[in-house]
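# Geometric and topological summary
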Amino acid sequence: MALIFCPECGTQVSEYAQQCVKCAYPIKTRLANETSDYNNQIEVNSYKNNSINVSNTIVWILAFAPLIGLFFQGFLQGFITSITGQYYTYEKFWWATLGLNIILCSIDLNNLKKLGIDTTKINSWVLILVPIYLYKRADLLRQSQSYFWVWLIVFLISILG
């Protein structure tokens, strides 16, 4: 058993004491609060140093979403054509790629919120504008902008191809 000093009067008391034997200062409560404050400070410092373990799996899938969306559009085009008997071009299913991008952004944003990351800098309307979301996400987490650039390149390839 270790002895500690009462922060109020300086009397030595047990580290397990509920209160100081001389002045009745609530030592147990203060120690619990100090531990809680210390743990909160560690979380804040970890976030500032970007040592929170943030998975980038969804965001990398999102980086290739324009290409994945093209395949999905082709699948929908074939499926709808086979059911209806009418031929549709895959361009008519552009909304599938947009939906895929928005869904992946939403999943990633929810994952960041679950980790306790303050995402108020990323407005929810930004989910429609995927490159802005990716740029703001990388900036918020102090990460490389690589998935932002990959998305732009893949988007250009999907448009030109």
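Remember, it's a predicted structure, so these values are computed and weren't measured experimentally. (Residues numbered from 1 in each chain as written. Predicted model: local features only at pLDDT ≥ 70, side-chain atom pairs only at ≥ 80, totals over all residues. Heavy atoms only, no water.)

## With respect to helix α4 (residues 94-114)
- With 21 residues, α4 extends 31 Å between its outermost C-alpha atoms, agreeing within 8% with the 30 Å of an ideal straight helix rising 1.5 Å per residue.
- Listed in full, the buried residues belonging to α4 are A96, T97, N101, L104, C105, D108, L109 and L112.
- The inward-facing, buried residues of α4 abut α2 (57-63), α3 (65-84), α5 (130-140) and α6 (146-160).
- Downstream of α4 by one or two residues, G116 has phi in the positive range, about 85°. (Helix = DSSP H or I, 4+ residues; strand = E, 2+ residues; numbered from the N terminus. Expected span 1.5 Å × (residues − 1). Buried < 20%, exposed > 50% of the residue type's maximum accessible area, 1.4 Å probe, protein only. Contact = heavy atoms within 4.5 Å.)

## Topic: the environment of K22
- Relative to the elements of secondary structure, K22 occurs in the loop between β2 (12-14) and α1 (27-48).
- For the pair K22 and E8, spaced 14 residues apart in the sequence, the C-alpha separation amounts to 9.8 Å.
- Setting aside residues no more than four positions away along its own chain, K22 makes contact with C9 and T11.

## Thoughts on the pattern of salt bridges
- Within this structure, the stated rule accounts for one salt bridge.
- For the salt bridge of D108 with R137, the shortest nitrogen-to-oxygen distance reads 2.5 Å. Taken together, the residues span a long stretch of sequence, with D108 in helix α4 and R137 in helix α5 at a distance of 29 residues. For the pair formed by D108 and R137, the shared burial category is buried. (Salt bridge = Lys/Arg side-chain N within 4 Å of Asp/Glu carboxyl O.)

## Examining the packing of α5 against α6
- With their axes 8 Å apart at the nearest point, α5 and α6 run at an angle of 165° to one another. The angle between the axes of α5 and α6 places the two elements in the roughly antiparallel class. Seen from above, α5 lies across α6 with left-handed handedness. Contacts from V130, P131, L134, Y135, R137 and A138 in α5 reach Y147, F148, W151 and L152 in α6. (Axes fitted to C-alpha atoms, helices over the stretch in contact; angles between N-to-C directions. Parallel < 35°, antiparallel > 145°, perpendicular 65-115°, else oblique. Left-handed = near helix turned anticlockwise from the far one by under 90°.)

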